[in-house]
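Here is how the chains run, residue by residue.
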Amino acid sequence: MLYRFINNYNKRKKAIEKDGLASYILNDRGYILLIVLLISAFLVSFTSDFFLRTHTYISYIKRLKSDINSEFLSYSGYEIAKAILDVDRLGISGSFMPSLNSDKNIDSYKDIWALDFPEIPVEGYSLKIEIHDENSKINVSALANDKVEKTPYYGILQRLLMNMGLSLDIADALVDWVDPDDVRFPYGAESSGYYYNLIPSYSAKNGQLDSIAEIMLVKGITPEIYYGIGGGNFGLEKNLVEDNKGDVTIPPYKINEILNSEEKREKTDIEEEESEKKIGKERSRLLSDYLTAYGEWDNFIDESNRININTASFRVLSSLTEDMTEETATEIIRKRQLEPFKTVSEIGSYIKYTSTLANILTVKSRIFRITVTIKNENSYCRSIYYFNRDEKKLLYCSMGH
C-alpha cells in the first residue's frame, strides 16, 4: 500500500515537472475535479447568500409587524389618556378612587391624570401612559405678539434663566423669534442681522412655535443647554429633588381600597410620609420641562397660556415675581400637596397678589402632554401628543421608534 502511494506520488511529480501544473490540472481527471470545485464553491456562496437574505427579510418583517402593532397600540394609549382627562374634566374621578380630587374646577397632582400609571401588558407588549400638564410651564409663544412688544411672561422667563445661571440674552432672542416684526430686541436676534448670516441660513419664526424643540434654532440655545446637560450653573446646584408632585403612585394599599379589601393603611400615615418628602429645585434642567409652545399667540391673557400654581415646578414658581424666595416657593408647594389652591387669589397669602398675576396664573389646566411608550422584544415606540382638553383638539404629535 505504501509502495503504491509512493509510486503514484512520484508519477504525479514527474508529470508536473515535465508538463507544468496547469497541464496536469486540465487533463481529464483534473478538469472534472476543477469543475466540481467551482460548482461547489458557487453553491456554497449562493446558499449562504440566500439564507442570509432570507434571515434578513424575516427579521425585517418581524420588526415591521412589531412597529405597526406598536403604532396602533400607541394610538390606543392616546385614546385611553383622553378618556382619563375627560373623567377628570367631568369631576367623576372620585368614583374610581375616593382619595383623588373630584373638583372639576381645579387641576393638581391629586387628580387622576397625574397618577403614575403602571405598565399595561397587551399580548406581548407593554403600554405605559404618562400625562403631564403643559400649563405648569411658561409659554414661549406668549412672550410677544402683534399687539404687545413683550408680555409679563418675559420677566418670568428672565428670572428662570437667571436662576439656572443662563444668559438673559436668551429671553430677548426668544421674544424676537416669536414677535411678528424684524426689529431686534436689545440683546436679541432677527433674521436680517443674525439668522441669514448662518450656514445654513434660515429666518426667525415670527409667530407661534410649532413645538418647543424649535427653540434650539434660537440664538444662544445650544443642544447642551436645551437638554440640560451643561451650561449656566449646571453641576453647581445643591439639594436637588426628582420632582415636587407629592404622592402620585398607585401603591397596593390604594388598589386594595378600590377593591374593598381588608388590607388598608391609615391615611394619616400617608400624609406624614408626604410631608416628609423633600421640596426643592428639580434635578432636571431640560428646558421643555419648564417651557411650552402651546396656547394662544395673539392673546397672551388667554386661559390656555396661564401658569397653574397647583402644578408649576419649583423652578417656575421661584420665577413668578422678583420677591419670590425659595422658602416661599417651598411653602406654596407644601400647602398644595396637602390641599390644592382653589382660586388664584389664595396665593396672596404667600406673595404680593397683583392684577398682573391674576391675568397670568390659574388653578385649572387646559393643555396636556400625553406620552405613550410601547415596548416588546422586537420594537420600541415612544409617541408624544399635545392635547387641548377643552377644545378636544390634538395640537401636535411626534412618534419615534
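Nothing here was measured: the structure is a model prediction, and the numbers come from that model.

> Account for the packing of helix H4 (residues 152–163) against helix H5 (residues 169–178), naming residues and giving values.
Contact geometry of H4 with H5 gives a least axis separation of 8 Å together with a crossing angle of 140°. Relative to H5, H4 is oriented so that their crossing is right-handed. In this structure, H4 uses Tyr154, Leu157, Gln158 and Leu161 to contact H5, whose residues at the interface are Ile170, Ala171, Asp172, Leu174 and Val175. Here the contact of H4 with H5 is built from residues that sort into seven nonpolar, one polar and one charged.

> I'd like to hear about H4, residue by residue, with values.
A rise of 1.5 Å per residue sets the reference length of H4, with its 12 residues, at 16 Å; its end C-alpha atoms lie 17 Å apart and thus fit the reference within 8%. All buried positions along H4 are accounted for by Tyr153, Tyr154, Gly155, Ile156, Leu157, Arg159, Leu160 and Leu161. Elements that come into contact with the buried residues of H4 comprise strand S3 (138–139), H5, strand S4 (291–292), strand S5 (307–308), helix H9 (314–317) and helix H11 (355–360). Positive backbone phi, at 75°, marks Gly165, one or two positions downstream of H4.

> Please set out the sheet that holds strand S9 (residues 393–400) residue by residue, giving values where relevant.
Here we have five strands laid out as an open sheet, ordered S1-S2-S7-S8-S9, and antiparallel in their pairing. What marks the edges here is a single partner per strand, and that holds for strand S1 (120–122) and S9. Across the sheet, the axes of successive neighbouring strands diverge by a mean angle of 20°, strand direction being ignored. Judged from the 10 bridges that link them, strand S7 (residues 367–376) and strand S8 (residues 379–388) form a sheet pairing that is antiparallel.

> Just give me the short version of the nonpolar core, but keep the residues and values in it.
Judged by nonpolar contacts, the single largest core of 62 residues is most densely connected at Leu143, Tyr153, Leu174, Ile215, Leu291 and Ile307. Top contributing element to this core by residue count: H5, with seven residues. Counting residues in each nonpolar core, the second largest holds 25 residues, with Ile84, Met97, Cys381 and Phe387 among its members.

> Summarise the pattern of salt bridges; cite the residues concerned and give the values.
Counted under the stated rule, the structure contains 20 salt bridges. Here Asp88 makes a salt bridge to Arg389, at a shortest N to O gap of 2.8 Å. Of this pair, Asp88 sits in helix H3 (residues 28–90) while Arg389 sits in the loop between S8 and S9, and the two are 301 residues apart along the sequence. Overall, the relative accessible area of 3% leaves Asp88 in the buried class.

> So, empty space enclosed by the protein: which residues are in play, and what are the values?
Enumeration according to the criterion identifies one cavity of 30 Å³ or more in this entry. In this model, the largest cavity occupies a volume close to 30 Å³. Forming the walls of the largest cavity are Glu134, Asn135, Lys137, Asn139, Thr292, Tyr294, Ser304, Asn305, Arg306 and Ile367. Of the residues in the lining of the largest cavity, the class split is two nonpolar, five polar and three charged.

> I'd love a proper account of the pairing of S7, names of residues and values included.
Burial within S7 is extensive, with nine of its 10 residues counted as buried. Hairpin geometry of S7 and S8 is characterised by an intervening segment of two residues between the two adjacent antiparallel strands.

> Can you explain the side chain of Glu190? Please cite residues and give values.
Residue placement: Glu190 occurs in the loop between H5 and helix H6 (223–226). The contact partners of Glu190, leaving out residues within four places of it in the chain, are Asp176, Asp179, Asp181, Asp182, Val183, Arg184, Tyr195, Ala204 and Asn206.

Thresholds, definitions, all that
- Residues numbered from 1 in each chain as written.
- Predicted model: local features only at pLDDT ≥ 70, side-chain atom pairs only at ≥ 80, totals over all residues.
- Heavy atoms only, no water.
- Axes fitted to C-alpha atoms, helices over the stretch in contact; angles between N-to-C directions.
- Helix = DSSP H or I, 4+ residues; strand = E, 2+ residues; numbered from the N terminus.
- Left-handed = near helix turned anticlockwise from the far one by under 90°.
- Contact = heavy atoms within 4.5 Å.
- Nonpolar A, V, L, I, M, F, W, Y, C, P; charged D, E, K, R; others polar.
- Expected span 1.5 Å × (residues − 1).
- Buried < 20%, exposed > 50% of the residue type's maximum accessible area, 1.4 Å probe, protein only.
- Pairing = 2+ DSSP bridges.
- Core = buried A, V, L, I, M, F, W, Y, C linked by side-chain atoms within 4.5 Å.
- Salt bridge = Lys/Arg side-chain N within 4 Å of Asp/Glu carboxyl O.
- 1 Å grid on protein atoms, 1.4 Å probe; cavity = no way out; pocket = protein on both sides within 12 Å on 5 of 7 lines; lining within 4 Å.
- Points joined across faces, edges and corners; volume = space filled by probe spheres on them.

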